[in-house]
Structure formats: structure tokens, C-alpha cells
Amino acid sequence: MGSAPSPLPSAHGTPTSDLSAVRPPLPVKMVVAGGFGVGKTTAVAAVSEIEPLTTEASITEVAAGVDAVSLTPHKTTTTVAMDFGCLTLDPTLKLYLFGTPGQDRFGFMWDDVTEGALGALVVVDSRRLDDCFPAVDYFERKGMPFAVAVNTFDGSLTHPLDAVREALDVTEEVPVLAFDARDQGSVRDSLIVVLEHALARAVAAA
Amino acid sequence: MTPQGGRPDPARPRREPAGADQGVERASAVRPFMVTEGRVAAEAGLPVETQVVATAEGLGQIGALAFERKAIVEACGTPLSLAEVAVKLRLHLNVVRVLAGDLRASRLLAVHVPRAGTASDIDVLRRVIDGLRSIPTTVGSRDAD
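What counts, and at which threshold
Residues numbered from 1 in each chain as written. Chains lettered and ligands numbered in written order. Predicted model: local features only at pLDDT ≥ 70, side-chain atom pairs only at ≥ 80, totals over all residues. Helix = DSSP H or I, 4+ residues; strand = E, 2+ residues; numbered from the N terminus. Contact = placed C-beta atoms within 7 Å. Axes fitted to C-alpha atoms, helices over the stretch in contact; angles between N-to-C directions. Parallel < 35°, antiparallel > 145°, perpendicular 65-115°, else oblique. Left-handed = near helix turned anticlockwise from the far one by under 90°. Nonpolar A, V, L, I, M, F, W, Y, C, P; charged D, E, K, R; others polar.

### Observations regarding the overall build of chain A
Then, in step 1: Of the regular secondary structure elements, chain A holds six helices and eight strands.
Then, in step 2: When the helices and strands of chain A are placed in sequence order, the string is β-β-α-β-α-β-β-α-β-α-β-α-β-α.
Then, in step 3: In chain A, 71% of the contacts between residues at least 6 apart in sequence involve partners at least 24 apart.

Below, the structure written as C-alpha cells:
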């Protein structure tokens, strides 16, 4: 209820030019976040229909440091790698998954990528829990729906989910689940958990 | 054993990451922005998933274009996201944003900016959930919670 159902595929944005005959799909995106080496790229790869691509996103310092006058980037120039994959859900709907580095010094890039995302999956290695703190903090602050997914590297959980939830101190509505980043079905199900959480919120707000 | 608890003060300096997540081949830091004549922020608002596709006019004028602009129009015979264009052409995302803005202004590229509010659109969320549920998964992992 609430939002007026838009007539089917036209749910996509405002075409600023109608000259093109080819109608692109509605692009939606989700973020897969977490610390270094927790399995973000693995998770993206597990569900993506393409090999995850790595692009370089420049961050604020680059933009500020390079201008027409002085073309020398400052020492602060930072280029960060961002992995992404995609899934064509139907001809009119394409889901992009962006894996973002977990360190909070990449705050700018997170905004760049997370703006307009449906939700986020924060991937956690329970042996290095504090690696995910910046991500959890970030999505809480941003008010973006997210779920915490504990990667079961060897098929078993090092710590019970309750303990993880307690240590992360996330609110009750935030799903905390175990998943296997290598397993397509497992990653898919985790993304659905995020989306159902997002949907519940959207319905409540409607 | 419980994992160490308590999130630290977000203001606390974090340890330096080992570069970006994965090593990535670096594009030149300077040349891409020469391509844009130093402009960096003009189209900063375009989301990374923004779909761009060549217009008939753009395809018709390919011969008259050069370098990156030509490459973008060529690559966008079918719709691509800005992120995909960046990867394909090995350009910074922000460079692609600026050039896509230029090409749009000269009507050679259609830029479909995602509608604001899509993320909390109930119908969209339902469609994505249904879409994910119906993707065929490889055999095996039903027991994963």
C-alpha cells in the first residue's frame, strides 16, 4: 500500500533523452560491505552472472587535488578498487552488487556507491569482528537497511550468532545470519533477507 | 568464547588498510582528467548504476567522435551502467560521469538516471525479491540457513 504502482517496466528513471530506441532495464543495487578478506568479492562472484569486475573509484581527495591548473594529484590521491557484479532478474530489472572496502577512510566512496541502494549485506568474519564495525556504524548512521552475514569459512560457525549480535550491538530488527560466501543459494538467500528487512521497513513507513 | 565486544568510537583512527581490497591495475591518475579538461564534479550526482545507451544520433556520428567519447558511444550500443563503462574502457568512474554528461548534452547518449526513491519503493523491492527467488541456483545448498 502507499506507493502508486508504476506501470510495469517504466519504473525506471527519468530519461533525460528519449532519442534512444533501446530501453534499459531498471537498475537497482545492493551493497556488500565488510573488512578486508572477509569474502565480499567471493559473495558477489557467487551470485553474479558476470565475473566480478573491478573498477577504480576516485575519492574526494582526487577530485579536490586535480584541477585544470595543477594537474599533479596530491599525495592524498587515493584510488580505491570496487568490485561489482550484476544479475539480470528479468529484461526490465537488473540488480548490481557492489563490494565496498570496509575501512571508514573510504567514507566518500561509500556515499558514492550506497546512495540509492536497496540495502546492504555486511559480511563478517567472527574471528575479526571489529573489521566490520565501520560498516555497521555507517549503515546505522545512514539509516540504510542492512543484515549482518557471518561467513562460515569452513562450514561451521566460530561463534554463535547470538554472541555476534551482542558484540555488534545492533538493534533487534537487524537480521544476523550465517552464510557461505561461496555458495550461490546461500548468498542469494542472504540478499533476500536484506530485501525483506528493507521491504518491512518500507511497508511500515508507507 | 565470545568475540570481542563493543564497537569502538567511530572517531577512533582505524588501522591502515592494505591498499584497496584487491590489487588493481592502476589507470593513469592524470590523463583521465585531462580528457575531461580538469572537470571532475560536473556529473558527480549520477549514480554508478545509471544506465547509458547510445542514441541513434550518437551511433550515426561515431565517425566524427574521437577517443574516449567515441569509445563510450561504441560501448553503449546496448545499455550499460556507468560502472560497467568505466571497467570496459578502463576509465575512472568520475571521468565517465563527466563524459557521459557531455555526450548527453550533445544528444549522443541517453542517460537514464534512476528515479529517486526507488530504494524504498515497495513494488521494486517485491520485484527484486521475486526475481532473486526465481533465479536457478546450482544444486546443493538448501541446508544453508
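Having put the structure on the table, let's press on.
### A word on the packing of helix α3 (residues 67–75) of chain B against helix α4 (residues 82–89) of chain B
Residue and element names in this part refer to chain B.
Then, in step 1: Axis separation between α3 and α4 bottoms out at 11 Å; the angle between their running directions is 120°. Classed by the angle they form, the pair α3 and α4 counts as oblique. Crossing of α3 over α4 shows right-handed handedness. Every residue of α4 that contacts α3 at Glu68, Ala71, Ile72 and Ala75 is listed here: Val85, Lys88 and Leu89.
Then, in step 2: Its residues assigned to classes, the contact of α3 with α4 comprises five nonpolar, no polar and two charged.

### Digging into the packing of helix α1 (residues 40–47) of chain A against helix α6 (residues 184–205) of chain A
Residue and element names in this part refer to chain A.
Then, in step 1: Contact geometry for α1 and α6: axes closest at 8 Å, N-to-C directions at 100°. One element, α1, and the other, α6, form an angle in the roughly perpendicular class. Facing α1, whose interface residues are Ala43, Ala46 and Val47, α6 presents Gln184, Val187 and Arg188.
Then, in step 2: Residue composition of the contact of α1 with α6, grouped by class: four nonpolar, one polar and one charged.

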